[in-house]
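# Observations on chain architecture
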Amino acid sequence: MKVYIVIPAHNEGNFIAQCLQSLVSQTLLPTRLVVVDDHSTDNTAEIVEEFSRKFDFIELVKNESSAEHAPGSKVINAFYKGYYQLDENFDVICKFDADLIFPKNYLEKIVQIFQEDPKVGMAGGFCSVKHNNKWIPENLTGKDHIRGALKAYRKHCFIQIGKLKPAMGWDTADELLARFHDWKVVTDEKLLVQHLRPTGMNYFEHSGHKQGEAFYRLRYGLLLTVIASGKLAVMKMNPFAFLHYITGYFRAKSKKRPFLVSVEEGRFIRKLRWANIKKKLV
């Protein structure tokens, strides 16, 4: 299977070399790898260019976006800047973050998951963080969720779910839409990826509002939003986050922000979410 990778990168000079080194050392090499330098002001581009001179499957793409902190939309817009540089001769398309170190067999194992079951539309491992000199799983999401940092899509699934949503919550919407179209989302707990900059190191109130807005735009409804917000705030160990999520939800509702999914998709999403909640309570 041909694996294409797109890595959006904004001021990732401290991490990008380690990320790329882990990907050029894979037991199964990617066919193409595009790094999108998203308006960096550090040496990100120079590091990528050095790798591109050594490895002909690596390419640097410049993206002149704004410096505004725009959770969700900025990274997806940068992803598509790189994606549109690629041809369509891939079997698997990956969106990876630049602050990750992948185990040497990561791509090989991901491809194996896709090959073993043609109904698998998305696959991924888990982020791990360093704690007391040990790498342990980053416990911010359920074990059935693939983090936005390390998404891998089968080509047909990627096309069928439509364009990734340029908004906070895109990495939940894609999985929900994949399941809506009867694809399986598979995670492998043994595939631990080292996350050099743990999620939530910098928490912005603005990001919390955007997350609450995402719950509204995914048609969660108020009760599911309250439950999801409480769970996420506990995982982040930030009680103020709950208030920010709820505030974001009601702001989006009052402004009648456009939904990210259709009425039918929203109905499916709520049904799936409630089924998962009931399963955990049994």
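The notes below deal with the structure included here. (Residues numbered from 1 in each chain as written. Predicted model: local features only at pLDDT ≥ 70, side-chain atom pairs only at ≥ 80, totals over all residues. Heavy atoms only, no water.)

Attention now goes to the pairing of strand E6 (residues 120-131). Counting buried residues in E6 gives 10 out of 12 residues, a clear majority hidden from the surface. The pairing of E6 with strand E9 (residues 184-195) spans seven bridges and is classified as parallel. Bridging from a neighbouring strand, cysteine 127 pairs with valine 193 of E9. Strand direction decides the pairing type here: E6 and strand E8 (residues 150-154), joined by two bridges, are antiparallel. Counted as the bridge partner of methionine 122 is tyrosine 153 from E8. Relative to strand E7 (residues 134-137), E6 is paired through four bridges, and the arrangement is antiparallel. Paired with lysine 130 across the two strands is tryptophan 135, which belongs to E7. If you look at the hairpin formed by E6 and E7, you'll find two residues sitting between the two strands, and asparagine 132 has a positive phi there, around 50°. (Buried < 20%, exposed > 50% of the residue type's maximum accessible area, 1.4 Å probe, protein only. Helix = DSSP H or I, 4+ residues; strand = E, 2+ residues; numbered from the N terminus. Pairing = 2+ DSSP bridges.)

This next bit is on the packing of helix H6 (residues 170-180) against helix H10 (residues 263-281). Look at H6 against H10: their axes get within 10 Å of each other, and the N-to-C directions meet at 95°. Taken together, H6 and H10 sit at an angle that is classed as roughly perpendicular. Within the contact between the two elements, H6 uses Thr172, Leu176, Leu177, Arg179 and Phe180 and H10 uses Glu264, Glu265, Phe268, Ile269, Leu272 and Arg273. A breakdown of the residues in the contact of H6 with H10 according to their chemical character gives six nonpolar, one polar and four charged. (Axes fitted to C-alpha atoms, helices over the stretch in contact; angles between N-to-C directions. Parallel < 35°, antiparallel > 145°, perpendicular 65-115°, else oblique. Contact = heavy atoms within 4.5 Å. Nonpolar A, V, L, I, M, F, W, Y, C, P; charged D, E, K, R; others polar.)

Across all of its chains, the model carries 21 aromatic pairs by this definition. Taken together, a centroid distance of 5.5 Å and an interplanar angle of 35° make the contact between tyrosine 80 and tyrosine 84 tilted. Ring centres 5.4 Å apart and planes at 75° place the aromatic pair phenylalanine 180 and phenylalanine 268 in the edge-to-face group. Remark: phenylalanine 268 occurs in helix H10 and phenylalanine 180 occurs in helix H6; sequence separation between them is 88 residues. In this structure phenylalanine 180 comes out as partly exposed when scored by relative accessible area, which is 24%. The partly exposed category is assigned to phenylalanine 268, whose relative accessible area is 25%. (Phe/Tyr/Trp six-rings, centres within 6.5 Å; stacked < 30°, edge-to-face > 60°.)

Looking at the secondary structure, you find glutamine 160 in helix H5 (residues 155-160). On a C-alpha basis, the gap between glutamine 160 and methionine 237 in space is 36 Å, while along the polypeptide they are 77 residues apart. With sequence-adjacent residues up to four places away left out, glutamine 160 is seen in contact with His181 and Trp183.

Interpretation in functional terms is not warranted from these geometric data alone.
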